[in-house]
Amino acid sequence: MQESQLIFLVGLPRSGTTLLQSMLTKNDSIYTYSEPWLLLPLILSMRKGGLGASPYYNGDACYEAINELIGTMRGGRADYLRAIRNMVLEVYGSCLEASGRQFYLDKTVHYWMILDEIHEVFPLSKRIFIIRNPLAVLSSLLVSWFGTNHRNLPDWAYYAIYNGPKVLAETTLRGDRHIVRYEELVNDPRRIIKSVCDYLGIKYSDDMIKYGKSVEGKFRDGIGIIKHTEPVTSSLSKWESALSMPSNYKFSMSYIDTMREHLSILGYDPDDMQKTLEERHKALPVIKRYFWWMNENSGLENKISRILHFPLLRPILPIARILWKRLP
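What you are looking at is a predicted structure, and each value in this text was computed from that prediction instead of being measured.

**Q** I keep staring at the packing of helix 11 (residues 246-258) against helix 13 (residues 270-282) and nothing clicks. Help me out?
**A** In a packed pair of helices, the relevant descriptors are the angle between the two axes and the axis-to-axis distance. Look at helix 11 against helix 13: their axes get within 10 Å of each other, and the N-to-C directions meet at 165 degrees. If you check the angle between helix 11 and helix 13, you find them roughly antiparallel. Crossing angle aside, the handedness with which helix 11 passes helix 13 is left-handed. Seen from helix 11, the contacting residues are Pro246, Tyr249, Ser252, Met253, Ile256 and Asp257; seen from helix 13, they are Pro270, Met273, Gln274, Leu277, Glu278 and His281.

Printed below as a string of structure tokens:
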């Protein structure tokens, strides 16, 4: 397998990577399979703390050992990266040979963390970056996986939403990649897919728009994409509702302030975003905001009910919590 036969598709989690992957795999030239993750441990082993905690070995000790080994190689880091390159091409080449197709597409969302190394190790590869409104990414993470409240986000998700847009913003200044915007992909899929095909040097077909079922593999999207067989625009404004809720509103407004510069570079107006959230938040029914306050301050509510001699108030709290979830 030649390096020029390798395609990287990179984006944040919940940014449309699986949608684009599913459309591209309809082309007879491209083979892909869920998310390989192959490069992550190979590259991150060179970073302190990159391997994380493990019950089987000390990650920091592993980092020190590998980097000490690299120091003994004749060409040092360059030789180690060359070895990674050869191994990856051998593995993907075997997959490609079995598929009978021309290009191997590696779609692993967390590759945004190692974009510099990918460029260094595979300078002749094709690189496609998909960019989606970071607030839509945050909203989709919450609604899809973490129960709609930002407090439920795990550390890796916080790391992604704060650092991923910064990395992707920097890529807009480079000329060695092809950028796809999620909003344009779902609004005008034919034009966008044609541009991707031109970049890859493959033939476009209308069959690529109606992708049918998602790609195979454990790490495929089993939430949104399986509901449709072609791109839809219904998800474009969902973030407005999810992030204007009382449980996420203040966090989302603060997030926009923190990410203001990078949101602008990516082409999203921070002021418009905050205005939208403020309007949606103010439009929420007062009773829904009150039920949320009770849910967040149940201990305080109990004290108030005792002071006001409303002993019947406490038993209705579970009912109130159910009602607020069902309100529009």
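**Q** I'm lost on the pattern of salt bridges in this one. Help?
**A** Close approach of charged atoms lets side chains of opposite charge pair. Within the structure shown, the criterion is met by 13 salt bridges. As a salt-bridge pair, Lys210 and Glu230 come within 3.0 Å of each other at their nearest N and O atoms. Here Glu230 lies in the loop between helix 9 (189-200) and helix 10 (238-244) and Lys210 lies in the loop between helix 9 and helix 10, a separation of 20 residues in the sequence. A salt bridge links Glu240 to Arg280, with the shortest nitrogen-to-oxygen separation between them at 3.2 Å.

**Q** Can you walk me through the sheet that holds strand 5 (residues 178-181) in this structure?
**A** Two pairing modes exist for strands in a sheet, parallel and antiparallel, and in both the strands are linked by backbone hydrogen bonds. Pairing within the open sheet is parallel, and its five strands lie in the order 2-3-1-4-5. The open sheet terminates on both sides in strands that have one partner only, identified here as strand 2 (30-32) and strand 5. The sheet shows a mean angle of 25 degrees between the axes of neighbouring strands, direction not considered. By the bridge criterion, four bridges tie strand 1 (residues 6-10) to strand 3 (residues 103-107) in an arrangement that is parallel. Across the sheet, the residue bridging to Ile7 is Leu105, located in strand 3. Its contacts with the sheet put helix 1 (residues 17-24) on strand 1, strand 2, strand 3, strand 4 (126-131) and strand 5, and the angle it makes with strand 3 is roughly 165 degrees. Most of the contacts of helix 9 go to strand 4, to which it runs at about 160 degrees, and overall it touches strand 1, strand 2, strand 3, strand 4 and strand 5.

The rules behind these values
- Residues numbered from 1 in each chain as written.
- Predicted model: local features only at pLDDT ≥ 70, side-chain atom pairs only at ≥ 80, totals over all residues.
- Heavy atoms only, no water.
- Axes fitted to C-alpha atoms, helices over the stretch in contact; angles between N-to-C directions.
- Helix = DSSP H or I, 4+ residues; strand = E, 2+ residues; numbered from the N terminus.
- Parallel < 35°, antiparallel > 145°, perpendicular 65-115°, else oblique.
- Left-handed = near helix turned anticlockwise from the far one by under 90°.
- Contact = heavy atoms within 4.5 Å.
- Salt bridge = Lys/Arg side-chain N within 4 Å of Asp/Glu carboxyl O.
- Pairing = 2+ DSSP bridges.

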